[in-house]
Amino acid sequence: MNKKILALDFGGTKLAAATLISGQHQWQNTRRQLSGNSPNATTDLEIMRSLIRELLGNEKPLAIGISFGGPVDAKTGIVRLSHHVSGWENVPLREILEAEFNVPVRVDNDANVAALGEYKFGAGQGCESLFYITVSTGVGGGWILNNRLWQGTQGMAGEIGHTVVQPDGPLCLCGKRGCVERLASGPYIAQQVRQSLTEQSQQGEIIRNLVNHQLDNITAQIVSQAANEGDELCQNAIKLAGWAIGVGIGNTANLINPQRFILGGGVTKAGDLFWHQVRQISRQTALPEVDFEIVPAQLGDEAPLWGAVALAETALEN
């Protein structure tokens, strides 16, 4: 009998698939591909099916776990929407793949799934309560409370990215102002620096040189590099991101009081400046009596895939 688990990750900019034997802790095979310049739900599904064919051929998996970068109704497996890819409004992803493969399928939001991955296989092992935060294309969170994934009444628990920390701040994609995501996500960090460089022609010499004065080529990764090389404008952008995350964590610590906050995603690779700011501001924001840890994710970009494995195994148990 085939014991392969199929783990899928629909990200905002890239797609990934992996297989492993149920009960084991190392991948048999993995595949990744960028979504392309103008992705939509149809093209994402076509790419993912291609990755699955590469991994499985004509084999059938034992179960499928799916991490999706956007709001999901985990009970029905319906994707509500993607904030970054068009055409995902109310797509019954679980139903589609169950019909194609005739095996149990489970789908959840990427932050919830990554939280489950870190809890079972990464930095959350041995923890009864944790909050996982991903700081990447967007900012999201996932809860483990009393050793169980906690999604909230409508599956929307953990949306720390749309916690308002600066009410008169810049406009977020969601329509509110001063959201954590608007101040701390990768694309917005890059956008903010580009805007500042346009308005302040005498600043940012280091980052201007890094991109050969082509401001459209600025990414959050390059902002981090420039900040580490001493670019003050970029340092301020990284500090602002850390401040927003820190305020969000401090308030969350006061409200729910988890043991551990686990931070993953590309922006968390920004270096010591980011981490120092997050820890300092969260400590200042939280009550003195509230104790918590802030640690880096251990599974890196693979946290959603490992969480998808845990989802698939849960489907088999049920």
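Worth saying up front: this structure is predicted, and the values here are computed from it rather than measured. (Residues numbered from 1 in each chain as written. Predicted model: local features only at pLDDT ≥ 70, side-chain atom pairs only at ≥ 80, totals over all residues. Heavy atoms only, no water.)

Where do I start with the environment of isoleucine 52 in this structure?
As for its placement among the helices and strands, isoleucine 52 is situated in helix H1 (residues 41–56). A relative accessible area of 6% places isoleucine 52 in the buried class. Between the C-alpha atoms of isoleucine 52 and arginine 31, which are 21 residues apart in sequence, the distance is 8.4 Å. Once residues lying within four places of it in the same chain are set aside, the contact partners of isoleucine 52 are Leu6, Leu8, Gly57 and Phe101. (Helix = DSSP H or I, 4+ residues; strand = E, 2+ residues; numbered from the N terminus. Buried < 20%, exposed > 50% of the residue type's maximum accessible area, 1.4 Å probe, protein only. Contact = heavy atoms within 4.5 Å.)

Even after reading the chapter, I still don't get the sheet that holds strand E2 (residues 14–21), so can you show me in this structure?
The five strands lie next to each other as E3-E2-E1-E4-E7, forming an open sheet whose pairing is mixed. Of all strands in the sheet, those bounded by a partner on one side alone are strand E3 (29–34) and strand E7 (105–109). Between one strand axis and the next, the sheet turns through 15 degrees on average, direction left out of account. Of the pairings in the sheet, the one linking strand E1 (residues 4–10) to strand E4 (residues 63–68) comprises six bridges and is parallel in character. In the strand pairing of E4, leucine 6 is matched with isoleucine 64. Lying on the sheet, helix H10 (residues 303–317) is in contact with E1, E2, E3, E4 and E7; it crosses E1 at an angle near 130 degrees. (Pairing = 2+ DSSP bridges. Axes fitted to C-alpha atoms, helices over the stretch in contact; angles between N-to-C directions.)

I keep staring at the nonpolar core and nothing clicks. Help me out?
Within soluble globular proteins, side chains that are nonpolar tend to cluster in buried spots. Core analysis: the largest hydrophobic core is formed by 45 residues, its most contacted members being Ile245, Leu263 and Phe274. Of all the secondary structure elements, the ones that give two or more residues to this core are strand E8 (130–135), strand E9 (139–145), helix H4 (180–184), helix H5 (186–199), helix H7 (220–228), helix H8 (232–256), strand E11 (260–264) and helix H9 (272–285). Among the elements that line this core, the one with the most residues is H8, at ten residues. Leave out the neighbours within four places in its chain, and isoleucine 245 touches Val135, Val139, Val180, Ala184, Leu263, Phe274 and Val278. (Core = buried A, V, L, I, M, F, W, Y, C linked by side-chain atoms within 4.5 Å.)

Just to check I follow, could you spell out the sheet that holds E8 for this structure?
Strand pairing in a sheet takes place through backbone hydrogen bonds and is either antiparallel or parallel in direction. Across the sheet, which stays open at both edges, the five strands sit in the order E10-E9-E8-E11-E12 with mixed pairing between neighbours. In this open sheet, the two strands that pair with only one neighbour each are strand E10 (148–150) and strand E12 (293–296). Going across the sheet, the axis of each strand differs from the next one's by a mean of 25 degrees, ignoring polarity. By the bridge criterion, four bridges tie E11 to E12 in an arrangement that is parallel. If you follow phenylalanine 261 over to E12, its bridge partner there is isoleucine 294. Set on the sheet, helix H3 (residues 110–121) makes contact with E8, E9, E10 and E11; between it and E9 the angle comes to about 50 degrees. Against the sheet, H9 contacts E11 and E12, and its axis sits at roughly 160 degrees relative to E12.

None of this, on its own, says anything about what the molecule does.
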